[in-house]
Amino acid sequence: SSIRPGRSYSSGDLGRRHLGERLNRKFVSNSFWGEGNARHLEEDNNNNNNSQASASNGDFSSYRCDDIFKNTVNPKNDDHSNGSTQRCLYAQTCEGEGVALPFVFCQTSILSTTAWLVVLSPFLLLGLTLLFRLLGSTADEYFSPSLEMFSVKLGLPPRFAGVTLLALGNGAADVSATINAIASDPENGYLMSLGALTGAAMFITTVVVGAVVVANGGVVCRGALVRDVMALGVTVVVVALNLEKGEVGPGTEKTFISIYIGFVCIVLVADVYHRAVMLPRLRHEIELREHERQLEAERVASMRAGDALNSFVGDSGAKSVGGEIPDVVKSGTYDFRNPSMSGGGDDARTHVSAPYRLEDNNPSVIGNRALNAVLTALSNYNEDENMDENDMDSTRRNGWGIESTVEGSKSWDRPVVLHGADGILTKQHHHHRQHADGENEDQFHSPYSVMEDMDVVDRMCLQDGSPGLPAYNWSGAFQDFKHELMVHFRECWRDILDDEESNGLEKFLLVCEYPMTVLRKLTVSIPCEGSYCRALVALSLVLSPLWFGVYFMTQFSMNIWGIGMIVFTSIMFVFGLLVVRYAPGGEGTLATILAVPIALYGFIVAATWIDFIADRLVAILGFLGIVLRIPNSIMGLTVLAWGNSMADLSANVAMARKGLANMAITACFAGPVFNILIGLGAGFGVLRGVSGTEYNYVHLTPSITTGFVFCFINCGLMLTAGLAINKGIVPATYGYFAVGLYAVYLITSLMLQIFL
């Protein structure tokens, strides 16, 4: 027969990975393996027989797609057309879904599989590039703005928000790709995920960190940076040791997620300590220094007055003119050069009381000194004794943690907004053409806006201080809706064509993405400040149920259209009409009571888009790995890792150039912690639900083990260079060393995978 037995995904397959080739022996002793493994072997043989029977009927759903060349005969070596037909059926039905482009294996009478790949390579390369870009832009422009708004509205401490909501937004693409890779191939999909996670962690913590360090001329290595580097080191050690055991179950998944929860708690404690203790202490020190400065100014003024009086006394023979010389002068006890040594002292003379100081010998202070030192080290700011009020801006430039600031009234005490129209990472801003009178061509002036008193409904939808106003009536609302929609998409198209910062290739890719950009804008609601457009919010509420129908049909082959979905669509249609009528237009701001639930709904819709795009990306990568016969782990640590890391490279380098180098470099280490722990914990949890098994057996390939080892080494070298060698500074030369370390890692991983 041209078909050789494959492997099944049922319970019989559980023992095979753990026992390896030994389960294929003809004789298995129950006393050696135990009754459980003997039962696995018996079930495995039964499943293999069932697989062969289904294969003879053209159903290869129980076979792995990676084994298509091993389990089928090359059509060129088959005298009949059976080989071509069987390989075609295999490509269409393997793993229940088939490969991404099955016609490559079916239309072999026209071109061979290799020839098809050569012909399709330009389109595949373009498709992969667009999918990587779409995955990143969906997370940045449609997923993260809602999370940033939640963190601000909820008043979360900034670094705590950075490792929770903002980490979810920044890592959503990576985590989604990890989960899809694990679930797409229950037997070997985790290899691509592990390769991508370790490869991306190495790329980000070496190449991206190196670029940030070089761009900034070095970074400070203290505080939260040390905390995040240590967290990544602990993460890779714990994950590697757990996976080395050979099986992943609920306990392992809980361990991964619990470690990240513990990391979040450490960040929260440090953040709260910083707000409750460090900031008051810094303000007290500023007040103390200001008080000392005033005293010094008065002392200098007294010295100058004394010099003038001494000069006058010397010139007049120490006689007073029109009065007596003060007693302290007569007695010689007043020292004009050092007034503090004279009677009365500074405080008595200036009537300024000295500020309160904590005594160093206070037992409570001594008892808490060690704890304060630890919390200060974990805090996101350094306790600089020489910092004055003018130096507070350096705290923002050299801030610590995912977010480098805390909320407050000062410029250095406000949160950093990364995404949205006004975010520091936003490259494109709308370009408005101006008339001669200075007005923008696309500036929105609605004649239907409310000009007088508004009723309760109007005020309920309007944020206090919002410059925009709702429409005056329904007719005006629809006129405004049409005009706003036209203006918005005209601006988006103009941003692509008129952007002077983008080269020809970038504009070409943006034009290719534009249809998907329109679809995402029409289905994802973004009521956040800086990204708000009344017409798009209303239209996305109306059209999002249609997207849900497409998503569930394509992803799960599930038809959700029924009475319940029709009712839901009708409700969303009514909500959309109410937004058109009562929400503020132009540059207005939607009231928080309405913006938060709409943002939450848009967050859910954006998550489905991320899952949809990530699934297509993993499918094409899997197809290329099958045709090129490249192991999943190699595809993960190269193509998938590089693609997912390009956005981090551009974003973090941009932050470094904007003076946020410490924020960028700590994100480089804290981000992989989230991706590895949450990605693997959630991914294996999904796999357990899909396969219906309690435990999934795993093994680490040489390239993946190398990734874990090099990640740990890189963390150690980073701390050594920053703390031990350069005393708190990571020099710019370390950036070049880090890039070289990544090259060594990549060569080592590929060589071990090839020759072992």
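Residues numbered from 1 in each chain as written. Predicted model: local features only at pLDDT ≥ 70, side-chain atom pairs only at ≥ 80, totals over all residues. Heavy atoms only, no water.

Novice: Which residues make up the overall build of the chain, and what values go with them?
Specialist: Helices and strands together make up the secondary structure of the chain, namely 26 helices and four strands. Within the chain, the proportion of its 756 residues that are buried is 48%. Within the chain, contacts between residues at least 6 apart in sequence are counted, and of these 76% link residues at least 24 apart. For the chain, the exposed area adds up to about 36000 Å²; of that, 60% sits on carbon and sulfur atoms. (Helix = DSSP H or I, 4+ residues; strand = E, 2+ residues; numbered from the N terminus. Buried < 20%, exposed > 50% of the residue type's maximum accessible area, 1.4 Å probe, protein only. Contact = heavy atoms within 4.5 Å. Areas by Shrake-Rupley, 256 points an atom, 1.4 Å probe, with all protein chains shown as cover.)

Novice: I'd like a rundown of the nonpolar core, residues and numbers included.
Specialist: Formed by 157 residues in total, the largest nonpolar core has its most connected members in Phe-105, Tyr-260 and Phe-669. Excluding anything up to four places from it in sequence, Tyr-260 contacts Val-163, Thr-164, Ala-167, Val-673, Phe-674, Leu-677 and Ile-678. (Core = buried A, V, L, I, M, F, W, Y, C linked by side-chain atoms within 4.5 Å.)

Novice: With reference to specific residues and values, describe the confidence of the model for the chain.
Specialist: Per-residue confidence for the chain averages 75 on the pLDDT scale, and 70% of its residues sit at or above 70. Throughout residues 318-323 the model reports pLDDT below 50, and contacts reaching past four residues in sequence, or to other chains, amount to six contacts. Note on residues 328-337: pLDDT under 50 across the span, and 16 contacts to partners over four residues away in sequence or across chains. (pLDDT = per-residue confidence, 0-100.)

Novice: Kindly report on the pattern of salt bridges, identifying the contributing residues and their values.
Specialist: A complete count under the given rule lists 15 salt bridges for this structure. Of the charged contacts, one joins Asp-67 and Arg-64 as a salt bridge, the two residues approaching to 3.4 Å between their closest N and O atoms. The two residues Asp-67 and Arg-64 agree in class, both being buried. One salt-bridge network, held together by shared partners, links Arg-64, Asp-66, Asp-67, Lys-70, Asp-185 and Glu-187. (Salt bridge = Lys/Arg side-chain N within 4 Å of Asp/Glu carboxyl O.)

Novice: Tell me about the packing of helix α23 (residues 632-657) against helix α24 (residues 661-691), and please be specific about residues and values.
Specialist: Two numbers describe how α23 lies on α24: the axes approach to 7 Å, and their chain directions differ by 155°. It follows from the interaxial angle that α23 and α24 lie roughly antiparallel. Contacts from Asn-652, Met-655 and Ala-656 of α23 reach α24 at Ala-661, Met-663, Ala-664, Ala-667 and Cys-668. In terms of residue class, the contact of α23 with α24 is made up of seven nonpolar, one polar and no charged. (Axes fitted to C-alpha atoms, helices over the stretch in contact; angles between N-to-C directions. Parallel < 35°, antiparallel > 145°, perpendicular 65-115°, else oblique. Nonpolar A, V, L, I, M, F, W, Y, C, P; charged D, E, K, R; others polar.)

Novice: Lay out the environment of Asn-662 in plain terms, naming residues and giving numbers.
Specialist: Along the polypeptide, Asn-662 turns up in helix α24. Taking relative accessible area as the criterion, Asn-662 reaches 1% and is therefore assigned buried.

Novice: Explain helix α11 (residues 224-244) residue by residue, including any values.
Specialist: Note on helix geometry: an α-helix contains 3.6 residues per turn, so any two residues three or four positions apart are oriented the same way. Its 21 residues give α11 an end-to-end C-alpha distance of 30 Å, which sits within 8% of 30 Å, the value for a rise of 1.5 Å per residue. Counted residue by residue, α11 has 15 buried out of 21 residues, so it is predominantly covered. Within two residues after α11, Gly-246 carries a phi angle of roughly 100°, on the positive side. (Expected span 1.5 Å × (residues − 1).)

Novice: So what's going on with the environment of Val-627? Residues and values would help.
Specialist: Following the sequence through the fold, Val-627 ends up in helix α22 (residues 592-628). Leave out the neighbours within four places in its chain, and Val-627 touches Phe-69, Phe-105, Thr-113 and Leu-117.

Novice: Provide a residue-level description of unusual backbone geometry, including the pertinent values.
Specialist: In this structure, Arg-629 takes a positive phi of about 55° despite not being glycine. Relative to the assigned elements, Arg-629 resides in the loop between α22 and α23. Look at Arg-629 and you get exposed, because its relative accessible area is 59%. Phi at Lys-727 is positive, roughly 55°, even though this residue is not glycine. Within the element layout of this structure, Lys-727 appears in the loop between α25 (702-725) and β4 (729-730).

Novice: Any details on the packing of aromatic side chains? Residues and values, ideally.
Specialist: To describe a pair of aromatic rings, you give the distance between the ring centres and the angle between the ring planes. Under the counting rule described, the total for this entry stands at 25 aromatic pairs. Here the aromatic residues Trp-547, Tyr-551, Phe-552, Phe-556, Trp-609 and Phe-612 are joined through ring pairs into a cluster of three or more. Over the ring of Phe-69 we find Arg-629, and its NZ or CZ is 4.0 Å from the ring centre. (Phe/Tyr/Trp six-rings, centres within 6.5 Å; stacked < 30°, edge-to-face > 60°. Lys NZ or Arg CZ within 6 Å of the ring centre and 35° of its normal.)

Novice: How would you summarise the side chain of Ser-525 if you had to cite specific residues and measurements?
Specialist: Within the element layout of this structure, Ser-525 appears in the loop between α19 (504-523) and α20 (534-556). A polar atom in the side chain of Ser-525 sits 2.7 Å from the side chain of Ser-540. Ser-525 has contacts with Val-537, Ser-540, Leu-541, Ile-598, Tyr-601 and Gly-602, leaving out every residue within four places of it along the chain. (Polar contact = N/O pair within 3.5 Å; in protein donor to acceptor, adjacent residues only side chain to side chain.)

Novice: Run through a nonpolar patch on the surface, naming residues and quoting values.
Specialist: A grouping of Trp-474, Phe-478, Leu-546, Trp-561, Ile-563, Ile-566, Val-567, Ile-571, Phe-573, Val-574, Phe-575 and Leu-578 is seen on the molecular surface, where their side chains present a nonpolar patch of about 1100 Å² in accessible area. Secondary structure elements with two or more residues in the nonpolar patch: α18 (474-497) and α21 (563-582). The element that contributes the greatest number of residues to the nonpolar patch is α21, accounting for eight residues. If you trace the backbone, Ile-563 turns up in helix α21. (Patch = residues over 30% accessible without salt bridge, like charges linked within 9 Å, V, L, I, M, F, W, Y side chains within 5 Å.)

Novice: Which residues make up the state of the cysteines, and what values do they have?
Specialist: Scanning the model with the defined rule gives two disulfides in all. One disulfide bridge connects Cys-65 with Cys-94, the sulfur atoms lying 2.1 Å from each other. Taking the torsion about the sulfur-sulfur bond, which here is approximately 95°, the covalent link between Cys-65 and Cys-94 counts as right-handed. Of this pair, Cys-65 sits in the loop between α3 (35-56) and α4 (68-71) while Cys-94 is found in the loop between α5 (82-93) and α6 (103-106), placing the two residues 29 residues apart along the sequence. Each member of the pair, Cys-65 together with Cys-94, is buried. Here Cys-88 engages in a disulfide with Cys-106; their sulfurs sit 1.9 Å apart. Its torsion about the S-S bond being 85°, the disulfide of Cys-88 and Cys-106 is classed as right-handed. Pair noted here: Cys-88 is in helix α5 and Cys-106 is in helix α6, with a separation of 18 residues, a long-range link. Here Cys-106 falls in the buried class, since its relative accessible area comes to 15%. In the chain, the bonded cysteines, numbered by position in the sequence, are linked as 1-3, 2-4. (Disulfide = S-S within 2.5 Å.)

Novice: Describe the environment of Leu-543, with residues and values.
Specialist: If you trace the backbone, Leu-543 turns up in helix α20. Spatially, the C-alpha atom of Leu-543 lies 9.4 Å from that of Gly-576, the residues being 33 residues apart in sequence. Not counting the four nearest positions on each side in its chain, Leu-543 is found in contact with Leu-522 and Thr-523.

Novice: Describe α22, and please don't skip the residues or the numbers.
Specialist: Here α22 spans 52 Å end to end across 37 residues, near enough to the 54 Å set by a 1.5 Å rise per residue. Directly after α22, the chain includes Arg-629, whose backbone phi takes a positive value near 55°.

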